[in-house]
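# A look at the structure
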Amino acid sequence: MMPLTLTLLTAAVPAAKRGMAYGIWGAVNGVAVASGPLIGGSLTEHISWHWIFWLNVPLGLALIPLARLRLSESHGTGAPLDFPGTLLASSGLFGIVYGLVRGPADGWTSSFVLTGLFAGSALFAGFVIYSVNAKNPMLPMRLFRSRAFSGINAASLLMFLGMFGSIFLLSQYMQGVLGYSPTEAGLRMLPWTGMPMIVAPIAGILSDRIGGRPVVAAGLFLQAAGLGFMSYVVTTDVSYAAQLPGLILSGIGMALFFAPASNLVMSSVRPQEQGIASGANNALREVGGALGIAVMASIFSSQGGYQTAQTFVDGLKPALVTGAAVVALAGVATLFIPTRRRAAQLAAVASSESDESAGSADSDSVLESAGR
């Protein structure tokens, strides 16, 4: 659902207004991110954790007729489903994530962990090799020749790796160490999770005016600063006021990232490839989130644990430092994305070369006909 909503939105909105539209899209996502911990925490605390699944059933049933009646249809290229590529990518990622998740519990030299990591890496490498040579690959590797496409996807992967891993541990820290209930923890995370509701539309408008790269870079460096600040202040009895600057910085950074990043992804490929580009970016974000939880939990387990409040903090600090470093690296990756002016120049050169090739082909055709 997620990649196709972005594809439908891109097709429905003129290019000049897409930044603002992506900003609104990001703000709506922000509402979901902010309300999720609150609603989920309340259900877990007052009813049963099983209801976090049941809640989605009436929502889905209510939205199906709305989607059928209000959304305009969109079609892809018509290429057949890439079964080998899907199998290779899914199996490879499963093996890698399984190895990372089980490593702290089973030991990094465990046969299952080593098999998962090595087999998963081999399968994923096979997916890349296969996709280079396949006729209709699930993910064309040629897209990564574009600095814009490669840069924003690398940034998305690293951003979600650092962010999701940190949120995963911080939510447990607020409940297990500071003693907040699930609902109270959700409320106290709002300066972070709820900030996209306010800042994302502004970020979208800014990306229309000055380009997406500086907005995305600023957001990533602010997110990294927020995580670094949190790693500095967390203790077994830190006050909420001391945590607040880090939560706000992280929230603003996350909000500045969402809308411009989507704009950069969709503008880095041809219109007929936007569905593939959106799907690839969404998949890399999900992979980043899964890897983030696995990697950060592994660091946490190796340096601390759940035994006491102090051991939790001992494990949390290096995990947050790692998250900050990873998100800062994502910010560096965005600096390799061409500026709006440079991207326009590259597009003009490519268009000119295409026109020259077409003109040459036409001339050859005329000469051949004359020869006959």
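These remarks concern the structure in this document. (Residues numbered from 1 in each chain as written. Predicted model: local features only at pLDDT ≥ 70, side-chain atom pairs only at ≥ 80, totals over all residues. Heavy atoms only, no water.)

Once that is clear, we can look at the overall build of the protein chain. Tallying secondary structure elements over the protein chain gives 15 helices and 0 strands in all. The burial tally for the protein chain puts 40% of its 372 residues in the buried class. Summarising the internal contacts of the protein chain: among those between residues at least 6 apart in sequence, 78% fall at separations of at least 24. Summing over all exposed atoms, the protein chain offers an accessible surface of approximately 19300 Å²; the carbon and sulfur share of this is 68%. (Helix = DSSP H or I, 4+ residues; strand = E, 2+ residues; numbered from the N terminus. Buried < 20%, exposed > 50% of the residue type's maximum accessible area, 1.4 Å probe, protein only. Contact = heavy atoms within 4.5 Å. Areas by Shrake-Rupley, 256 points an atom, 1.4 Å probe, with all protein chains shown as cover.)

As a further point, take the nonpolar core. Met-159, Tyr-173, Trp-192, Leu-220, Phe-257 and Leu-316 are the most contacted members of the largest nonpolar core, which totals 64 residues. Among the secondary structure elements, those contributing two or more residues to this core are helix H2 (18-46), helix H5 (83-106), helix H7 (147-177), helix H11 (212-233), helix H12 (240-267), helix H13 (274-303) and helix H14 (309-334). The element that contributes the greatest number of residues to this core is H7, accounting for 14 residues. Residues Met-195, Val-215, Ala-255 and Leu-256 belong to the second largest nonpolar core, which totals 6 residues. (Core = buried A, V, L, I, M, F, W, Y, C linked by side-chain atoms within 4.5 Å.)

On to the packing of aromatic side chains. By convention here, two paired aromatic rings are described through the distance between centres and the angle between planes. For the structure shown, the criterion picks out 10 aromatic pairs. On the basis of an interplanar angle of 75° and a centroid distance of 6.2 Å, the ring pair of Trp-49 and Phe-53 is categorised as edge-to-face. A relative accessible area of 54% means that Phe-53 is categorised as exposed. On the numbers, 5.2 Å between centres and 65° between planes, the contact of Phe-300 with Tyr-306 is edge-to-face. A relative accessible area of 2% places Phe-300 in the buried class. Three or more aromatic residues link up through ring pairs in this structure, and these residues are Tyr-173, Phe-300, Tyr-306 and Phe-312. The ring of Tyr-180 carries Arg-188 above its face, with NZ or CZ at 4.1 Å from the centroid. (Phe/Tyr/Trp six-rings, centres within 6.5 Å; stacked < 30°, edge-to-face > 60°. Lys NZ or Arg CZ within 6 Å of the ring centre and 35° of its normal.)

We now examine a nonpolar patch on the surface. Together, Ile-47, Trp-51, Trp-54, Val-57, Leu-61 and Ile-64 make up an exposed nonpolar region whose accessible area comes to about 680 Å². The set of elements that each furnish at least two residues to the nonpolar patch consists of helix H3 (51-54) and helix H4 (56-70). With respect to the secondary-structure elements, Trp-51 resides in helix H3. Judged by relative accessible area, Trp-51 falls into the partly exposed class, the value being 44%. (Patch = residues over 30% accessible without salt bridge, like charges linked within 9 Å, V, L, I, M, F, W, Y side chains within 5 Å. Salt bridge = Lys/Arg side-chain N within 4 Å of Asp/Glu carboxyl O.)

A few words on the side chain of Asn-282. Considering the arrangement of structural elements, one finds Asn-282 in helix H13. In contact with Asn-282, not counting residues within four places along its chain, are Met-2 and Pro-3.

Relative to the helices and strands, Gln-243 is located in helix H12. Contact partners of Gln-243, with chain neighbours within four places excluded, come to Tyr-173, Met-174, Leu-178, Met-230, Val-233 and Val-238.

What follows is about the environment of Leu-329. With respect to the element layout, Leu-329 can be found in helix H14. Using a relative accessible area of 48% as the deciding quantity, one classes Leu-329 as partly exposed. Distance from Leu-329 to Gly-162, taken between C-alpha atoms, is 9.9 Å for residues 167 residues apart in sequence.

So, about the environment of Leu-247. Looking at the secondary structure, you find Leu-247 in helix H12. Separated by 20 residues in sequence, Leu-247 and Leu-227 place their C-alpha atoms 8.1 Å apart. Dropping the residues within four chain positions of it, Leu-247 is found in contact with Met-174, Arg-188, Met-189, Pro-191, Trp-192, Met-230 and Tyr-240.

Mapped onto the elements of the fold, Ile-152 is located in helix H7. By relative accessible area, Ile-152 is classed as buried at 0%. Put simply, Ile-152 and Pro-260 are 108 residues apart on the chain and 9.9 Å apart in space, counted from C-alpha to C-alpha.

For the pair helix H10 (residues 196-210) and H11, the least separation of the axes is 7 Å and the interaxial angle reads 140°. When the interaxial angle is binned, H10 and H11 end up oblique. Between H10 and H11, the contacting residues are Ala-203, Leu-206, Ser-207 and Ile-210 on the first element and Gly-212, Pro-214 and Val-215 on the second. Of the residues contributing to the contact of H10 with H11, the split by class is 5 nonpolar, 2 polar and no charged. (Axes fitted to C-alpha atoms, helices over the stretch in contact; angles between N-to-C directions. Parallel < 35°, antiparallel > 145°, perpendicular 65-115°, else oblique. Nonpolar A, V, L, I, M, F, W, Y, C, P; charged D, E, K, R; others polar.)

Moving on, we come to the packing of H7 against H14. At a minimum axis separation of 8 Å, H7 and H14 run at an interaxial angle of 160°. Judged on the interaxial angle alone, H14 and H7 are roughly antiparallel. For the element pair H7 and H14, the recorded crossing hand is left-handed. Broken down by class, the residue content of the contact of H7 with H14 amounts to 21 nonpolar, 6 polar and no charged. (Left-handed = near helix turned anticlockwise from the far one by under 90°.)

Honestly, it's all geometry; don't read function into it.
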